[in-house]
Every structure is written in structure tokens, then in C-alpha cells.
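Single-letter residue listing:
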Amino acid sequence: MTRRFEFLLLLPAGVFVLAFLLVPMAALVPVAGSGRLGWSAYLAVVTEPRYRATMISTLVVAAATTALTLAIATVAAQFLASRRFPGRDLLVAMLTFPLAFPGVVVGFMVILLSGRLGLVAQASEALFGERIVFAYSLGGLLVGYLYFSIPRVILTVMAAVEKLDPALVEAARSLGAGPFRIQRDVVLPALAPALVAAGALCFATAMGAFGTAFTLATRIDVLPMVIYTEFTLGGNVAIAAALSIALGLVTWLALALARNATGAVAAAG
């Protein structure tokens, strides 16, 4: 009876995964081999210079987004979780507000900040006589990804910090450990499972983010944009399918490694 009840609980999730993940991915596999290149379309993802460069650019942006997001969100989450002050709840709400924005809106906000007529361009022209514009470069895309990644990680890390035993920190402090050593030897190891899980989700989201890339990636290529242009403008369905499979495999691998690492870190702790 218990096993049947558990099966019923898992049934909706199983149907969702089957209908919206496994079946579409399985359908894409033969599509990638139906073009003029045949099954070599998969090989073209790493051998064609344009697709290889796109894959590398996407991985670099996703990795940089993950590293910077974890660094910023970890510091902010510890501060917000351990202190109470007037306006704290409002500040947390403002920090998590970008979760409500679609990627296109985030892209437009980056353009308003660092586009040709943005605040940075106007300030730099007034100070140095030259407009600084980076909204349409890898830097602008990185700022956009950070904007919607930081709130997700802050919420995850804040929950982990609130569960951290304060006695561990007090014990380390009483033994003479300084702030940096407490962070290195006590706090970060305790937060490691949450950081790994949040980092993996951040990486996967940055790999597949489309709306922000669609708005900002006018001078650079990232995988979501190349898949879109190959499918809609170039009519190259096979290559688009092969790139989609490659994108899915990379993100799945990142999440699988994070899951294994999280289990190993938790077991070690």
C-alpha cells in the first residue's frame, strides 16, 4: 500500500519529465542526423570553428556567471541571514525582485545601464569625453546573467546559513580563529552542499538563457542564439537539433556532477 501511494505521488512528475524532456530529446536525436551532414552533424558541433567558438563562449560566460554569482551571493546571504536591522525585509525583497522579470526585460535594463544611451555611456562621456558601451559584448551579457542569477543563489544560501549552528562559529572564535579562518574552515565547508547545488543550477540556467541573449548578443554568439538562428533564419534543422542535444548534455552533466559532489560533501561533513 505504501509503495503504491509513493508511486501515485511520483506519477505527475514522471509524466511531466516524460512529456516535456525525454520524448522531445529522443525526437531530436534522429532529426540531427537527417540533414545533409548526416550523423556528422554531431561532430560538426566541435569541429566547425563557428560552433566550437560558440560552445566555448557559452561555457566561459556560464562559468564566469557561476563564480561571480557564488562570490557575491555568499557574502550577501551571510550578512542578511545573520543580522536584523530596519528595512532588512524590504532589502531582501528588492534583491529577489528580478526573479519576476523575463530575460528580455533584464536585457533591456542592461541596455539602459550600459547601452549607447545608457547611464554608463553618459557618465563616461561627461568624465572622459568618450562613451563606454559594453551592453552588447560578453561583459554586458555577463551583467545580465548576474542580474537574474544572484537572487536565486541568495535565497538558497540564506536558507543554508540560517541552519548553520552558531556554536561552531563561537567555538572557532574562542579557540583564536580569525574571521577569514572561520570562513575557510567552518562556514564554507558547512555551506558547501548548498553552494554546489546553487552553482550547478546557476551554470545550467546561464547555459540555456535565451531572452537576455536575444536582447544583448548582437556582437557575439552563444548557443541559445545560434540554435535560434540556425532553426528560424537558416532553416538548418539538423544542426539546430545537434546543438540542442549538445547543450542539453552539457547542462545535464553539470547537474549530475553537482548532485554527486553534494552527496560526497554532505557525507564527508
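Preceding block: the structure.
Residues numbered from 1 in each chain as written. Predicted model: local features only at pLDDT ≥ 70, side-chain atom pairs only at ≥ 80, totals over all residues. Heavy atoms only, no water.

1. Observations concerning the packing of aromatic side chains
As enumerated under the stated definition, the model contains 8 aromatic pairs in all. An angle of 40° between the planes, with centres 5.7 Å apart, marks the rings of Phe-79 and Phe-85 as tilted. Judged by its relative accessible area of 37%, Phe-79 is partly exposed. Between Phe-214 and Tyr-228, the aromatic rings sit 5.6 Å apart at their centres with planes inclined by 90°, giving edge-to-face as the arrangement. One end of the pair, Phe-214, is in helix 10 (residues 211–216); the other, Tyr-228, is in helix 11 (residues 223–232), with 14 residues separating them in the sequence. A relative accessible area of 42% places Phe-214 in the partly exposed class. The class for Tyr-228 is partly exposed, based on a relative accessible area of 33%. Here the aromatic cluster, defined as three or more aromatic residues joined through ring pairs, consists of Phe-210, Phe-214 and Tyr-228. (Phe/Tyr/Trp six-rings, centres within 6.5 Å; stacked < 30°, edge-to-face > 60°. Buried < 20%, exposed > 50% of the residue type's maximum accessible area, 1.4 Å probe, protein only. Helix = DSSP H or I, 4+ residues; strand = E, 2+ residues; numbered from the N terminus.)

2. Brief notes about the nonpolar core
Across soluble globular proteins, nonpolar side chains have a tendency to be buried as a group. One finds Leu-141, Tyr-145, Ala-213 and Leu-243 to be the most contacted residues of the largest nonpolar core, which totals 37 residues. Those elements that place two or more of their residues in this core are helix 2 (40–47), helix 3 (49–82), helix 5 (103–114), helix 7 (138–162), helix 9 (179–208), helix 10, helix 11 and helix 12 (237–268). Among all residues touching Leu-141, those that are not within four sequence positions of it are Val-61, Ala-135, Thr-212, Ala-213, Leu-216, Ile-220 and Val-222. Counting residues in hydrophobic clusters, the runner-up holds 26 residues, among them Leu-142, Leu-146, Leu-164 and Ala-172. (Core = buried A, V, L, I, M, F, W, Y, C linked by side-chain atoms within 4.5 Å. Contact = heavy atoms within 4.5 Å.)

3. Some remarks on helix 4 (residues 88–96)
Of all the residues in helix 4, the buried ones are Arg-88, Val-92 and Thr-96. Across the axial projection of helix 4, the buried residues extend over an arc of 65°, all falling on one side. Exposed residues pointing more than 90 degrees away from the buried face of helix 4 are listed as Leu-90 and Met-94. Where helix 4 is buried, its residues meet helix 3 and helix 7. (Arc of directions from axis to C-beta.)

4. Examining the side chain of Thr-74
Looking at the secondary structure, you find Thr-74 in helix 3. By relative accessible area, Thr-74 is classed as buried at 7%. The contacts of Thr-74, once residues within four sequence positions are left out, are Thr-69, Val-157, Leu-188 and Leu-195.

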